[in-house]
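As a plain string of letters, each chain reads:
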Amino acid sequence: MRLEKCWFCSSTVYPGHGIQFVRNDAKIFRFCRSKCHKNFKMKRNPRKVKWTKAYRRVHGKDMTQDSTFEFERKRNRPERYDRNLAETVLKAIPKIDKIRVTREERHHKNRMKGKKEKLQKEAAKELEQSISLVKAPSALQKDPSLTLPQKIKVSVSQRQSEDNNAMEE
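Residues numbered from 1 in each chain as written. Predicted model: local features only at pLDDT ≥ 70, side-chain atom pairs only at ≥ 80, totals over all residues. Heavy atoms only, no water.

Structural notes on the side chain of N39
- Take N39: it is sitting in helix α1 (residues 34-41).
- Its relative accessible area of 6% is what places N39 among the buried residues.
- Reaching out from N39, the side chain makes a polar contact with the backbone oxygen of K35 at a distance of 2.8 Å.
- There is a polar contact of 2.6 Å between the side chain of N39 and the side chain of R44.
- In contact with N39, other than residues within four places in its own chain, are F8, R44 and W51. (Helix = DSSP H or I, 4+ residues; strand = E, 2+ residues; numbered from the N terminus. Buried < 20%, exposed > 50% of the residue type's maximum accessible area, 1.4 Å probe, protein only. Polar contact = N/O pair within 3.5 Å; in protein donor to acceptor, adjacent residues only side chain to side chain. Contact = heavy atoms within 4.5 Å.)

Structure (structure tokens):
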């Protein structure tokens, strides 16, 4: 079973799924879903569309250089079947996946390292700039005009309500 990669978003295309587009020069483009195919037909660049793998790699959101990516690469050279080799490869796959996942987590952690401090600095700066909008609770108790007005009840006389009814007719 051969798993292909979507030309636009780089996700896996399973057999019997997706769309194939063959250009006049016999270049084959495989797409995982119609969304990718439509974006390709609109001549959009995958590196500029935010939800694609190419965008994430170009903008430093995903890892680009790692030795674990070598195992995913497509190889066109056929290999002679060796039972021992197949057994060692099958044992190595979970270890490689675990290594890749830990490296991705470390990459994400390093990317998000300064975010909390940055948000706190922005909040402090905004508060400093607009401190005049924020009043202390003690000031609200001393001067009740600073609070929002409560609902005001207005009494309507019988004569005014009759006049309104006459206007409606």
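That was the structure; now back to the text.
Quick look at unusual backbone geometry
- Located in the positive-phi region is A26, a residue other than glycine, with phi close to 70°.
- Tracing the backbone shows A26 in the loop between β3 (19-22) and β4 (28-31).
- Its relative accessible area of 58% is what places A26 among the exposed residues.
- The backbone of K43 sits at a positive phi, close to 60°, despite the residue not being glycine.
- Relative to the elements of secondary structure, K43 occurs in the loop between α1 and α2 (53-58).

Section: the packing of aromatic side chains
- Tallied over the full model, the rule gives seven aromatic pairs.
- Between F8 and W51 the ring centres are 5.7 Å apart and the planes differ by 45°, which places this aromatic pair in the tilted class. Residue F8 is found in the loop between β1 (4-5) and β2 (12-13), and its partner W51 is found in the loop between α1 and α2; the two are separated by 43 residues along the sequence.
- Exposure remark for W51: the relative accessible area of 31% places this residue in the partly exposed category. (Phe/Tyr/Trp six-rings, centres within 6.5 Å; stacked < 30°, edge-to-face > 60°.)

Focus: the nonpolar core
- C6, F8, C9, V13, F29, F31, C32, C36, F40 and V49 form the largest nonpolar core, which has 10 residues in total.
- Of all the secondary-structure elements, those providing two or more residues to this core are β4 and α1.
- Sequence-distant contacts of C9, defined by excluding residues within four places in its chain, comprise C32, R33, C36, W51, T52 and K53. (Core = buried A, V, L, I, M, F, W, Y, C linked by side-chain atoms within 4.5 Å.)

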